[in-house]
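# Notes for the structure review
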Amino acid sequence: MKIRKDDTVIVVAGKDKGKTGKVLRAFPREHKVIVEGVNIQVKHQKPMGPRKPGGLVKRESKIDVSNVMFYDSSNKRPTRLGYKFLEDGTKVRFRKSDGEVID
C-alpha cells in the first residue's frame with residue numbers, strides 16, 4: 001500500500017469525491033485508510049457519567065485506499081506513486097508524474 005499516515009490525499013470516488021484531507025490512520029492489511037473530514041459517520045453515544053454526555057458524535061470512518069490518490073501540493077493535482085531503489089539500496093516512494101522522490 002503506497003498511501004501512508006500523514007499523506008495528503010484526494011478522494012477520487014464515492015460520496016466525498018473531490019475532498020482532500022490528511023491520512024489519520026492507515027490499515028495496510030485491510031487496504032483502508034481514515035482521512036480527516038471524509039466519510040463522516042454519526043454515532044449515537046450513551047451518556048457515561050457527568051463528564052461524558054451523550055448525544056450524536058460525528059467521526060471519520062474507514063475508506064478503501066483505491067478510492068483515494070496522493071495529492072501533490074506543488075502541482076495542485078492528484079498523482080500516482082511508485083517504488084524504486086536508490087543507489088545505496090534504500091526503497092523510496094516517488095511521484096510517477098515527474099519522478100521526484102517523496103521520502
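Structure's up top.
Below is a summary of the structure that appears in this document. Keep in mind the model is a prediction, meaning the values are calculated, not measured.

Quick notes on the rules
Residues numbered from 1 in each chain as written. Predicted model: local features only at pLDDT ≥ 70, side-chain atom pairs only at ≥ 80, totals over all residues. Heavy atoms only, no water. Phe/Tyr/Trp six-rings, centres within 6.5 Å; stacked < 30°, edge-to-face > 60°. Lys NZ or Arg CZ within 6 Å of the ring centre and 35° of its normal. Pairing = 2+ DSSP bridges. Helix = DSSP H or I, 4+ residues; strand = E, 2+ residues; numbered from the N terminus. Axes fitted to C-alpha atoms, helices over the stretch in contact; angles between N-to-C directions. Buried < 20%, exposed > 50% of the residue type's maximum accessible area, 1.4 Å probe, protein only. 1 Å grid on protein atoms, 1.4 Å probe; cavity = no way out; pocket = protein on both sides within 12 Å on 5 of 7 lines; lining within 4 Å. Points joined across faces, edges and corners; volume = space filled by probe spheres on them. Nonpolar A, V, L, I, M, F, W, Y, C, P; charged D, E, K, R; others polar.

As a further point, take the packing of aromatic side chains. Throughout the structure, instances matching the rule amount to zero aromatic pairs. The positively charged end of Lys 62 is found above the aromatic ring belonging to Phe 27, 4.3 Å away from the centroid. In this structure, Lys 84 is placed above the aromatic ring of Phe 94, and the distance from its NZ or CZ to the ring centre is 5.1 Å.

Let's shift gears to the sheet that holds strand β2 (residues 20-27). The strands making up a sheet associate through hydrogen bonds between their backbones, and the pairing can be parallel or antiparallel. Taken together, the six strands give an open sheet; going across it, the order is β6-β3-β2-β1-β7-β8, and neighbouring strands pair in antiparallel fashion. Edge strands, defined here as strands with exactly one partner in the open sheet, are β6 (62-64) and β8 (77-79). Recorded for the sheet is a direction-independent mean angle of 55 degrees between the axes of neighbouring strands. Relative to strand β7 (residues 68-72), strand β1 (residues 8-11) runs antiparallel, the two being bridged by three bridges. Residue pairing in the sheet places Ile 10 in a bridge with Met 69 of β7.

Here we come to the side chain of Asp 16. Among the structural elements, Asp 16 can be located in the loop between β1 and β2. Relative accessible area serves as the criterion here: at 11%, Asp 16 is assigned to the buried category.

Relative to the helices and strands, Gly 55 is located in strand β5 (residues 55-60). Exposure remark for Gly 55: the relative accessible area of 34% places this residue in the partly exposed category.

Further remarks concern the layout of surface pockets. The computed volume of the largest pocket comes to approximately 200 Å³. Around the largest pocket, the lining residues are Met 1, Lys 2, Ile 3, Val 65, Val 68, Met 69, Phe 70, Thr 79, Arg 80 and Leu 81. Ranked by the residues each element gives to the lining of the largest pocket, the list is headed by β7, at three residues. Tallied by class, residues from the lining of the largest pocket come to seven nonpolar, one polar and two charged.

Any functional reading would require information beyond the geometric quantities listed.
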